[in-house]
Amino acid sequence: MIRFQFQLYWEVEVTGKYYLCRMADKQVMEQVDKGMMLPLMEAFYTIQGEGFHKGTAAYFIRVGGCDVGCHWCDVKESWNAETHPPTAIGDIVEDAVNYSDTIVVTGGEPLTWNMEPLTSALKSKGLQTHIETSGAYPLSGIWDWICLSPKKNKLPVGDIYARADELKVIVYNKHDFRFAEEQATKVSGDCVLYLQPEWSVREKVIPLIVDYVMKNPKWRVSLQTHKYLNIP
Ligand code: SF4
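Presented here is a report on the structure given in the accompanying data block. Because the structure is a prediction, the values reported are computed rather than measured.

Thresholds, definitions, all that
- Residues numbered from 1 in each chain as written.
- Predicted model: local features only at pLDDT ≥ 70, side-chain atom pairs only at ≥ 80, totals over all residues.
- Heavy atoms only, no water.
- Helix = DSSP H or I, 4+ residues; strand = E, 2+ residues; numbered from the N terminus.
- Buried < 20%, exposed > 50% of the residue type's maximum accessible area, 1.4 Å probe, protein only.
- Contact = heavy atoms within 4.5 Å.
- Areas by Shrake-Rupley, 256 points an atom, 1.4 Å probe, with all protein chains shown as cover.
- Salt bridge = Lys/Arg side-chain N within 4 Å of Asp/Glu carboxyl O.
- Pairing = 2+ DSSP bridges.
- Lys, Arg positive; Asp, Glu negative; His and termini not counted.
- Polar contact = N/O pair within 3.5 Å; in protein donor to acceptor, adjacent residues only side chain to side chain.

### Considerations on the overall build of the protein chain
For the protein chain, the count of helices and strands is seven helices and eleven strands. Taking all 232 residues of the protein chain together, 50% fall into the buried category. Long-range pairs, those at least 24 residues apart, make up 63% of the contacts in the protein chain between residues at least 6 apart in sequence. Accessible surface for the protein chain amounts to roughly 11100 Å². Of this, 53% is attributable to carbon and sulfur atoms.

Below is the structure:
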């Protein structure tokens, strides 16, 4: 199934280098559909700011495309896949190996696309593969770590609950605690549970989260520490 029409030229920045991409429309769409090319929004080496691996260096691949529609989303520019250049996974991997042993694939919603070719290529280089996903589409790819961040308006599908290593629920208001508990009943006993304040309301919800975690210590607090560090 081909889902997007792409333009013919793109300039994409990958860790400071610029690539001019051009391909015939049909070829591009077929390659994207197979997961051999991905609409790449950005790729960068930084510190993982959130969740279980916070504070550790990693190379991030941000893939465009998401129709989940969270009203508080802080990467809305990722939503429209057509605005991000289809990029060959070979080029993405070739750059990634220069920076880190740990690769975090994020979005957008990366599971919009077939992640098998990208993750196979990363694994063939001996790299650790992590994904940050809402789980709104079926799980594809080979993953060493799955961070599942479910969203109310498009719930996870398939077996991703059982496969998740980390459940990260974003707290925008007090009703999200009930949603978090519902979601926690679906993951495995080994899954690490996090509550993370939505950034724009952090001052209001952090005290609620602190209180909740102290009363319900199976949960941990996750903060977007990269925003406090002023890094990507
Ligand atoms: S799932 Fe993630 S990328 Fe998509 S709208 Fe929600 S926060 Fe934004």
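After presenting the structure, the write-up continues.
### Brief notes about the pattern of salt bridges
Opposite charge on two side chains allows them to pair when their charged atoms are near. Considering all chains together, one arrives at eight salt bridges under this definition. Between Lys168 and Glu50 there is a salt bridge, and its shortest N-O distance comes to 2.5 Å. With Lys168 in strand β9 (residues 166–171) and Glu50 in the loop between β3 (37–47) and β4 (57–63), this pair connects stretches of sequence that are 118 residues apart. Look at Glu50 and you get buried, because its relative accessible area is 11%.

### Considerations on the pairing of β4
Burial runs high along β4: six of the seven residues are buried. The pairing of β3 with β4 spans seven bridges and is classified as antiparallel. Bridged to Glu42 within β4 is Arg62. Across four bridges, β4 lies against strand β6 (residues 102–106) in parallel orientation. Bridge pairing in β6 links Tyr59 to Ile103.

### Quick word on the side chain of Glu132
One can find Glu132 in strand β7 (residues 128–133). Despite its burial, Glu132 pairs with no opposite charge, the nearest such side chain being Lys168 at 4.4 Å. Only 3.2 Å separates the side chain of Glu132 from the side chain of Thr106, close enough to count as a polar contact. The contacts of Glu132, once residues within four sequence positions are left out, are Gln48, Phe60, Val104, Val105, Thr106, Pro110, Cys147 and Lys168.

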